[in-house]
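An overview of the molecular structure
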Amino acid sequence: MKTIYITLFLCFVAILSNAQKIDENGREIGISRTAKIIPQPYVALDVPKTIKFGATFNVNYTLPEGKKSGKLKLFNPLKDEELIVFDLADEKGQVAIQTAELKTKGLVLGLYSDENLIATCKVGYN
């Protein structure tokens, strides 16, 4: 009987000593909460999905971190034809595109840096 009481006493002491090391959220006592920063998703090309034919629309671009130059290429979606190339000199920026001079039924945009394709996007006319 004495052995049972000693075993129960030691179990009780072990439970109390471990229970005091963490709080209800699983953190050690005395450690403050840390703010978790949620990274924003990387958006290379931001364009409207549909635009009016003959209208001008803006393309917002963001090159990958560390890249200071690139190209924005516009392609005909029905043929393998490159229409216009814009040289980009900043990491972030905006390019205005006039659709009246293109005479296509939409566009495919490609963002390039160091001759590597970063992102593509399709734009349709309504």
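Structure shown above.
An account of the accompanying structure is given in this report. Keep in mind the model is a prediction, meaning the values are calculated, not measured. (Residues numbered from 1 in each chain as written. Predicted model: local features only at pLDDT ≥ 70, side-chain atom pairs only at ≥ 80, totals over all residues. Heavy atoms only, no water.)

Points about the sheet that holds strand β8 (residues 116-125)
Taking strand neighbours across the sheet as the criterion, the five strands line up as β2-β8-β7-β4-β5 in an open arrangement whose pairing is mixed. Each edge of the open sheet carries a strand with a single partner, namely β2 (50-51) and β5 (81-88). Both β2 and β8 contribute to a ladder of two bridges, which runs parallel. Looking at β8, one finds that I51 is bridged to Y125. (Pairing = 2+ DSSP bridges. Helix = DSSP H or I, 4+ residues; strand = E, 2+ residues; numbered from the N terminus.)

Describing the pattern of salt bridges
Taken as a whole, this structure holds four salt bridges when the rule is applied. A salt bridge links E91 to K68, with the shortest nitrogen-to-oxygen separation between them at 3.3 Å. With E91 in the loop between β5 and β6 (92-98) and K68 in the loop between β3 (56-62) and β4 (70-76), this residue pair connects regions lying 23 residues apart in the sequence. Overall, the relative accessible area of 27% leaves E91 in the partly exposed class. Using a relative accessible area of 55% as the deciding quantity, one classes K68 as exposed. Of the charged contacts in the structure, one is a salt bridge between K73 and E82, with a shortest N-O distance of 3.9 Å. (Salt bridge = Lys/Arg side-chain N within 4 Å of Asp/Glu carboxyl O. Buried < 20%, exposed > 50% of the residue type's maximum accessible area, 1.4 Å probe, protein only.)

Quick word on the nonpolar core
Ranked by internal contacts, the top residues of the largest apolar core, which has 21 residues, are L45, V59, L72, I97, L107 and L109. If you list the elements that add at least two residues to this core, you get β3, β4, β6, β7 (107-113) and β8. With four residues, β8 is the single largest residue contributor to this core. Beyond its immediate chain neighbours, meaning those up to four positions away, L45 contacts V59, N60, Y61, L72, L109, L111, A119, T120 and C121. (Core = buried A, V, L, I, M, F, W, Y, C linked by side-chain atoms within 4.5 Å. Contact = heavy atoms within 4.5 Å.)

Some remarks on the sheet that holds β3
Spatial strand order, β1-β3-β6: three strands in an open sheet with antiparallel pairing. Looking at strand neighbours, the two that pair on one side only are β1 (45-46) and β6, the edges of this open sheet. Here β1 pairs with β3 via two bridges, running antiparallel. Residue pairing across strands places D46 opposite N60, the latter belonging to β3.

Notes on the packing of aromatic side chains
In the structure shown here, the tally under the stated rule is zero aromatic pairs. K73 extends its terminal NZ or CZ atom over the ring of Y112, reaching a point 4.6 Å from the ring centre. (Phe/Tyr/Trp six-rings, centres within 6.5 Å; stacked < 30°, edge-to-face > 60°. Lys NZ or Arg CZ within 6 Å of the ring centre and 35° of its normal.)

Let's talk about unusual backbone geometry
One non-glycine residue with positive phi stands out, namely K103, at about 55°. Topologically, K103 is positioned in the loop between β6 and β7. Exposure remark for K103: the relative accessible area of 69% places this residue in the exposed category.

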